[in-house]
Amino acid sequence: MHEQDTEGVKIGLEVHCQLTSLATKLFCSSPSDYRGKPPNTNICPVCIGTPGSLPVLNRKAVTHAAMIALALNFKIPERMLFFRKNYFYPDMAKNFQITQYDRAGGVPFATDGHITLDSGKRIRIGRMQLEEDPAKLSYDGTIESSTQTFVDYNRAGITLVEIVTDPDFESPREAREFLNKLSSILEHLSVSDLNLEGSVRCDANISMAGGRRVEVKNISSFKEVERALNFEITRQRSLTSKGIKVMQETRHWDEIRRITISLRLKEEEQDYRYFPEADLVPVTLTKQFVQDVKKGMPEMPEERAKRFQKDYHLSGETAQILVREKALADFFEEAAKHSKDARQLGSWLAVDLQAYLNEYGKSLEELKLTPKHFAEMANMVSSGEVSRGAAKTAFVEMLKTGRMPRSISEEKGLKVISDTGFVESLIDKIFSENPQAVQDALKDPKAVNFLLGQIMRATKGRVDPAVANRLVRERLAAAKGSK
Amino acid sequence: MTKKQRQEQFISEKEVEHLAELAKLELSKKEFTKLRGELNEILGYFRLIDEVDTENVSPTYHVQDIVNVLRDDTPTPQQPDMLLEDAPQKKDRFIKAPKMI
């Protein structure tokens, strides 16, 4: 993705994430596994808003939300309340959504959290709240041309956490890093499966120096966020350069065309008439409760990265890349059990594998490789059986075919050449072909690298670098002595 | 209610228009005047509460003095088809609603 000038850019994010590991909805015992189900099968009087039905809060939803709040460094108030957000739209049959509110005496689930980026910059997360997901709407043809709305209430009432950051991001790249960290935290907590369709959604607001705030809605995955933000910066910059002022508006991210589209502005200012949900009693989150949740928390990505550095002697950078996705970190630890050189293993997984996955737009899961594949790869290199350079050929072949690296190396003859007789004769040849380089190397030890490079090139990197280095230097020393 | 209270206007025309818009109600002039009068009376009556000294009283958000009514995360069988029967309009298993945008 191209980088662009982001001076004067201010971005804030609003993330909605379903707590997909819950078996029931937030306020009723309807099952939550709505994906792939026929419409309106996971519904009950509560989530379909039948008069007289009463919501009851899911205990596990509170525990899971508390885990998220602690992981994101939030303050958890001792008592929280639910509010009604009133609006007319068929995605909530009750004509209101049960949510939380931070004004009019409302208390959200948590306040004043943050995530720290690798640069040390702190992104403030003003608040987090627990609320119900609305129903899914579909249309006859497009949203504009359809004369009717079709409502499936299976999703209505599913537990959502809403996470709202301050406008602390100064580039789309920072937003992406934040979302990577956030998703890894959610994965490590096992509270949400972000790979499920629609499990996370993101709205972004973005403003640039001199312009008004634009809200971009409907970004349906974390991966799309950076793309949508880059588009918006380009659009706003191009308006400004033409002398047109950026208006405050809400735009919609069109994932297929990869552009943002203006939504018709409502004449009437939004007024949700929030008021306390009298059908739910307040929830107290005692110090004891918070402490118990804390005790039960699994290892978080930041701690895990630190442990990786300590236990496996990885660099900070490698450790950070590995913990960016829980699946990758788990994969690394599994492979490390079969490998004697975790550092070598870490570099294959964090550098070479990532480059391949980025280039081909694939995921580790799709490659159908086992941790043993990578362990064998790392072992081959660290034992000196195959040089790091030659191993790359076997690595790419392994990723493409799923074959074990040793058998690829044997078939392609990638094994390291440590036969000194062969290397000596090769040195003879290269020295006689490059007299000038030999002269240079005699004067400047740094120029030796050119001769070593020639040896590696002639053997496609198969010569043991230590052997080549030693023999070349011996030969140069002899030449110097005989002068 | 004193005569003075009855004459006082607690809700402006603009506020009534706003409420009607939020409630998606289209009001005739007659209905509008009638509603405004009624709302005014209700609000006027509620003004009586203002006379109570609440200086040292903490706000109440729930009338019952209970907290933490929670349930376990265990699904129970539902009867979705029975609920669907009550839907005014359907298409297959979808509930039909008017066009919104």
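The rules behind these values
- Residues numbered from 1 in each chain as written.
- Chains lettered and ligands numbered in written order.
- Predicted model: local features only at pLDDT ≥ 70, side-chain atom pairs only at ≥ 80, totals over all residues.
- Heavy atoms only, no water.
- Helix = DSSP H or I, 4+ residues; strand = E, 2+ residues; numbered from the N terminus.
- Axes fitted to C-alpha atoms, helices over the stretch in contact; angles between N-to-C directions.
- Contact = heavy atoms within 4.5 Å.
- Nonpolar A, V, L, I, M, F, W, Y, C, P; charged D, E, K, R; others polar.
- Buried < 20%, exposed > 50% of the residue type's maximum accessible area, 1.4 Å probe, protein only.
- Pairing = 2+ DSSP bridges.
- Domains from an automatic or database assignment.
- Salt bridge = Lys/Arg side-chain N within 4 Å of Asp/Glu carboxyl O.
- Phe/Tyr/Trp six-rings, centres within 6.5 Å; stacked < 30°, edge-to-face > 60°.
- Lys NZ or Arg CZ within 6 Å of the ring centre and 35° of its normal.
- Core = buried A, V, L, I, M, F, W, Y, C linked by side-chain atoms within 4.5 Å.
- Buried area = accessible area lost by both parts, 1.4 Å probe.

A. Examining unusual backbone geometry more closely. Residues and elements named next belong to chain A. The phi dihedral of Asn-73 is positive, around 60°, even though this residue is not glycine. Positionally, Asn-73 belongs in the loop between helix 1 (59-71) and strand 3 (79-80). Notably, Asn-95 is not glycine yet its phi reads approximately 70°, a positive angle. Relative to the assigned elements, Asn-95 resides in the loop between strand 4 (83-86) and strand 5 (96-99).

B. Structural view of the packing of helix 6 (residues 316-323) of chain A against helix 7 (residues 326-336) of chain A. Residues and elements named next belong to chain A. Between helix 6 and helix 7, the least distance of the axes is 6 Å, while the angle of their chain directions is 115°. Each of Ile-321, Leu-322 and Val-323 in helix 6 lies in contact with helix 7, whose residues at this interface are Leu-328, Ala-329 and Phe-332. The residue makeup of the contact of helix 6 with helix 7, split by class, is 6 nonpolar, no polar and no charged.

C. Region of the structure containing the pairing of strand 5 of chain A. All names here are of chain A. The two faces of strand 5 match: Phe-96 and Ile-98 on one face and Gln-97 and Thr-99 on the other face are all buried. Looking at chain direction, strand 4 and strand 5 are connected through 4 bridges and run antiparallel. Each bridged residue has a counterpart across the sheet, and for Lys-85 the counterpart in strand 5 is Gln-97.

D. Representation of the sheet that holds strand 7 (residues 122-132) of chain A. Residue and element names in this part refer to chain A. What the 8 strands build is an open sheet, ordered 6-7-10-1-11-12-13-14; its pairing is mixed. Strand pairing shows two members of the sheet lacking a second neighbour, strand 6 (110-116) and strand 14 (259-262), which therefore form its edges. Across the sheet, the mean angle from the axis of one strand to that of its neighbour is 25°, orientation sign disregarded. With 7 bridges connecting them, strand 7 and strand 10 (residues 159-165) associate as antiparallel partners. Counted as the bridge partner of Leu-130 is Val-161 from strand 10. Strands in contact with helix 1 are strand 6, strand 7 and strand 10; relative to strand 7, the strand with the most contacts, it is inclined by about 175°.

E. Fine view of the domain arrangement of chain A. Here the domain parsing of chain A yields domain 1 (10-294), domain 2 (299-412) and domain 3 (420-482). Averaged C-alpha coordinates put domain 2 of chain A and domain 3 of chain A at centres separated by 32 Å.

F. Summary view of the pattern of salt bridges. Residues and elements named next belong to chain A. For the structure on display, the rule yields 46 salt bridges over all chains. Its salt-bridge partner being Glu-232, residue Arg-251 comes within 3.6 Å of it at the nearest N-O pair. Of this pair, Arg-251 sits in strand 13 (residues 249-254) while Glu-232 is found in helix 3 (residues 222-241), placing the two residues 19 residues apart along the sequence. Under the relative-accessibility criterion, Arg-251 is labelled buried at 9%. Here Glu-474 makes a salt bridge to Arg-470, at a shortest N to O gap of 3.6 Å. With Glu-474 and Arg-470 both in helix 16 (residues 465-482) and 4 residues apart, this pair spans about one turn of that helix. The partly exposed category is assigned to Arg-470, whose relative accessible area is 44%. When salt bridges with common partners are traced through the structure, they connect Glu-299, Arg-304, Arg-307, Lys-326, Asp-330 and Glu-333 into a single cluster.

G. Layout of the pairing of strand 13 of chain A. All names here are of chain A. Bridge analysis of strand 12 (residues 214-219) against strand 13 gives 4 bridges, and the strand direction is parallel. Paired with Lys-217 across the strands is His-252, a residue of strand 13. Both strand 13 and strand 14 contribute to a ladder of 4 bridges, which runs antiparallel. Among the inter-strand pairings, Asp-254 is bridged to a residue of strand 14, identified as Ile-259. Between strand 13 and strand 14, which pair antiparallel in sequence order, lie 4 residues; one of them, Arg-258, sits at a positive phi of approximately 55°.

H. Representation of the packing of aromatic side chains. Scanning the entire structure with this criterion turns up 16 aromatic pairs over all chains. Here the aromatic rings of A:Tyr356 and A:Tyr360 are separated by 4.6 Å at their centres, their planes lie at 40°, and the arrangement is tilted. Within this pair, A:Tyr356 and its partner A:Tyr360 are both found in helix 8 (residues 342-360), separated by 4 residues, close to a single helical turn. Assessed through its relative accessible area of 40%, A:Tyr360 is described here as partly exposed. With 6.5 Å between their ring centres and 85° between their planes, B:Tyr45 and B:Phe46 make a pair best called edge-to-face. On the basis of relative accessible area, B:Tyr45 is assigned to the exposed category, the value being 53%. Note on B:Phe46: relative accessible area 48%, which makes it partly exposed. Each member of the aromatic cluster is reached from another via a ring pair, and the members are A:Phe83, A:Tyr87, A:Tyr101, A:Tyr272 and A:Tyr274. Positioned above the aromatic ring of A:Tyr272, the side-chain terminus of A:Lys85 is 4.4 Å from the ring centre. The ring of A:Phe150 has B:Lys91 lying over it, and the distance from NZ or CZ to the ring centre is 5.1 Å.

I. Expanded view of the nonpolar core. All names here are of chain A. Formed by 66 residues in total, the largest nonpolar core has its most connected members in Leu-13, Ile-68, Phe-109, Met-128, Phe-178 and Leu-182. For this core, the leading source of residues is helix 1, giving 9 residues. Ignoring any residue separated from it by four or fewer positions in sequence, one finds Ile-68 in contact with Leu-19, Met-128, Val-161, Ile-163, Leu-186, Leu-189 and Val-191.

J. Examining the sheet that holds strand 3 (residues 94-98) of chain B more closely. An order of 8(A)-9(A)-3(B)-2(B) is seen for the 4 strands of this open sheet, with the pairing classed as antiparallel. Of all strands in the sheet, those bounded by a partner on one side alone are strand 8 (136-139) of chain A together with strand 2 (90-91) of chain B. The sheet contact formed by strand 2 of chain B and strand 3 of chain B spans 2 bridges and is antiparallel. Paired with B:Lys91 across the strands is B:Phe94, a residue of strand 3 of chain B.

K. The interface of chain B and chain A, seen in detail. On the chain A side, the residues contacting the 32 residues of chain B number 56 residues. Carbon and sulfur atoms supply 60% of the area that chain B and chain A bury against each other, a total of about 4,000 Å² over both sides. It is B:Tyr61, B:Arg71 and B:Asp73 that lose the most area in chain B upon contact with chain A, and together they represent 20% of the buried surface on that side. Our count for the chain B to chain A interface comes out at 1 salt bridge. Ionic pairing is found between A:Arg59 and B:Asp72, a salt bridge with its closest N-O pair at 2.6 Å.

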